[in-house]
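Residues per chain, in single letters:
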Amino acid sequence: MTITGIHHLTAVTADARGNYRFYTETLGMRLVKRSVNQDDVSAYHLFYADGAGTPGTDLTFFDWKVPSESRGNRSITRTGLRVASGDSIDWWAQRLAGKVELGDVVERDGRLTLDFEDPEGQRLSLIDQGDSGAEFHSWERSTVPIRHQIRGLGPITMTVPDLESTDLVLTRLLEMRRARDYQHSTESEQFVHVYEMGEGGAEAELHVAVQPELPPGRPGAGGVHHVAFRVDDDASHVAWLERLDGAGSPNSGIVDRYYFRSLYFREPNGVLFEIATDGPGFAVDEDSATLGESVVLPPFLEPQREQIVANLRPID
C-alpha cells in the first residue's frame, strides 16, 4: 500500500479558453481529458498531461468563475513541472521571456529551477529532473520539441504555519520519508523540508515551507485546489481507507472518478490531499489517438449530456 509519488494536481482557472491555449500552445502539454467537475457539472475539468496521460504527469483545472486567490499560508504554493535537462531549462527561459512573469534560472535543492507564473498567477517552476526514471510519453503534435517537453509533475510545495502536525501526518500516517532541508534562496532564511515517497526523485517529493507570519490563503483562480498521491491499485486504495479510518482521520471514503479512484482528506493545516489509483486511466472511454478532443462524461452523467454540454463554453 505504498504511496509511490505524485498522481496529479488540481488547480483553479476562471478563464477556461485562455487556460487551454496557454497549457497546450505555450507549454505544449496535451489535453488528455475534456470533462466536467463531477461535483459541479457546470464547470469544466480539464486534464493536461504527457502524450499518454500517464499518472504523475496530470495538471488539471476546475473552471470556476471566482476571484483570484489571496496568497498565503495553509495552501499549495508552487507546482513543479519536470524537464529533462539543464539545456531544456535554458530553452524554456528563452521561450517564456516576455510572455509571462518569469524568474531567473537558479539552483534550488540541487536542481536547476526556473520559476514562472501562468496568465492567472498560477505559480509554477520548471525543474531539471536529472536522471529520473519516471515514465513519460512524448506528444508528437506538441508545440514543443520532444527533447524539451514537460515530463510530468514534481516536486509540489505547500506552505504551513507550523511543521509539527503536518510532519506527523506525512511521516507516521502516510509513511513519507523526511529526506532533507534546504534554504529557499540566498536572500531568505526560510527553510523548506523535503518529504519523499516511493523511490524518491522530483516526481515523488512534497516540499513543505514553514512561514508562520503569513495570513491564511484564500482559494480562488490562480490557486491550487488539491494534490493527489499515487497508489498502484484498488487493493492498496482500500488499505489506505482502512488506515485513515483506523487513525481517526476524517475522509471522503472511496469516490469512483471513473478514470481513477479517489480518497480525500485534509492534513492538520488544512491542505486538501487525495490518494488516487493509477488506473483504469483516461483511455477507458476514448481512443488514445483522440484523447481530449471532445467532451466526455463518466457513465453516471451521460443521461444529462445534452444539458451539461449546452452549458459549457467552447474553449477552442
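Definitions and limits used
Residues numbered from 1 in each chain as written. Predicted model: local features only at pLDDT ≥ 70, side-chain atom pairs only at ≥ 80, totals over all residues. Heavy atoms only, no water. Buried < 20%, exposed > 50% of the residue type's maximum accessible area, 1.4 Å probe, protein only. Helix = DSSP H or I, 4+ residues; strand = E, 2+ residues; numbered from the N terminus. Polar contact = N/O pair within 3.5 Å; in protein donor to acceptor, adjacent residues only side chain to side chain. Phe/Tyr/Trp six-rings, centres within 6.5 Å; stacked < 30°, edge-to-face > 60°. Contact = heavy atoms within 4.5 Å. Pairing = 2+ DSSP bridges. Axes fitted to C-alpha atoms, helices over the stretch in contact; angles between N-to-C directions. Core = buried A, V, L, I, M, F, W, Y, C linked by side-chain atoms within 4.5 Å. Lys, Arg positive; Asp, Glu negative; His and termini not counted. Salt bridge = Lys/Arg side-chain N within 4 Å of Asp/Glu carboxyl O.

1. Section: helix α3 (residues 163-173)
Listing the buried residues of α3 in full gives Leu163, Thr166, Asp167, Val169, Leu170 and Leu173. Two or three places before Glu164, at the start of α3, stands the capping residue Asp162, its side-chain oxygen 3.4 Å from that residue's backbone nitrogen. Count one or two residues on from α3 and you reach Glu175, which has phi positive near 60°.

2. Topic: the packing of aromatic side chains
Using the criterion set out here, one finds 11 aromatic pairs in the structure. An angle of 40° between the planes, with centres 4.9 Å apart, marks the rings of Phe62 and Trp64 as tilted. A relative accessible area of 8% places Phe62 in the buried class.

3. Examining the environment of His148
In this structure, His148 sits in the loop between β8 (123-128) and β9 (152-160). Judged by its relative accessible area of 6%, His148 is buried. Beyond its immediate stretch of four places on either side in the chain, His148 contacts Val83, Asp87, Ser88, Trp91 and Trp92. A polar contact is formed between the side chain of His148 and the side chain of Ser88, at a distance of 2.8 Å. Polar side-chain contacts of His148 include one of 3.3 Å to the side chain of Arg147.

4. A word on the pairing of strand β4 (residues 58-63)
Most of β4 sits inside the fold, with six of its six residues counted as buried. Every second residue of β4 is oriented toward a common face, with Asp58, Thr60 and Phe62 on one face and Leu59, Phe61 and Asp63 on the other, all of them buried. Where strand β1 (residues 5-13) meets β4, six bridges bridge the pair, whose relative direction is parallel. Bridge pairing links Ala11 to Phe61 in β4. Inspection of the sheet shows strand β3 (residues 40-49) paired to β4 by four bridges, in the antiparallel sense. Bridging from a neighbouring strand, Phe47 pairs with Thr60 of β4.

5. Digging into the sheet that holds strand β5 (residues 75-83)
Backbone-to-backbone hydrogen bonds join strands into a sheet, with any given pair of strands oriented parallel or antiparallel. Spatially, β6-β7-β8-β5-β9-β12-β11-β10 is the arrangement adopted by the eight strands of the open sheet, whose pairing is mixed. Only two strands of the sheet have a single neighbouring strand rather than two, namely β6 (102-108) and β10 (177-183). Averaged over neighbouring strand pairs, the angle between their axes works out to 25° when direction is ignored. Relative to β9, β5 is paired through six bridges, and the arrangement is antiparallel. Each residue of the ladder has a partner; that of Ser75, found in β9, is Thr159.

6. Describing the sheet that holds strand β13 (residues 224-231)
Pairing is mixed across the open sheet formed by eight strands, whose spatial order is β2-β3-β4-β1-β13-β16-β15-β14. This sheet does not close on itself; its edge strands, each paired only once, are β2 (30-37) and β14 (255-256). With six bridges joining them, β1 and β13 adopt antiparallel strand pairing. Within β13, the position partnered with Gly5 by the bridge is Arg230. Helix-sheet contacts for helix α1 (residues 16-26) involve β1, β2, β3 and β4, and the interaxial angle to β3 is about 10°.

7. Thoughts on the nonpolar core
Residues Leu27, Leu126, Leu174, Leu206 and Phe273 are the most contacted members of the largest nonpolar core, which totals 63 residues. Setting aside anything within four residues of it in sequence, one finds Phe273 in contact with Met158, Leu170, Leu174, Leu206, Val227, Phe229, Leu263, Tyr264, Phe265 and Glu267. Judged by nonpolar contacts, the second largest core, of 10 residues, contains Phe47, Phe260, Ala276 and Phe282.

8. Section: the side chain of Arg95
Its location among the elements puts Arg95 in helix α2 (residues 86-96). Glu25 provides the closest opposite charge to the buried, unpaired Arg95, separated from it by 8.1 Å. With residues up to four places along the chain from it excluded, the contact list for Arg95 reads Glu25, Thr26, Thr143 and Val144.

9. Things to note about unusual backbone geometry
Most peptide bonds adopt trans geometry, and most residues besides glycine take a negative phi value. In this chain, Gly154 is followed by Pro155 through a cis amide linkage whose omega measures -5°. Mapped onto the elements, Pro155 comes out in strand β9. The omega torsion across Gly279 and Pro280 is 5°, close enough to zero to call that bond cis. The phi angle at Arg74 is positive, at roughly 60°, despite the residue not being glycine. Note that Arg74 resides in the loop between β4 and β5. With a phi angle near 75°, Tyr258 is a residue other than glycine that sits in the positive phi range. Mapped onto the fold, Tyr258 is located in the loop between β14 and β15 (260-266).

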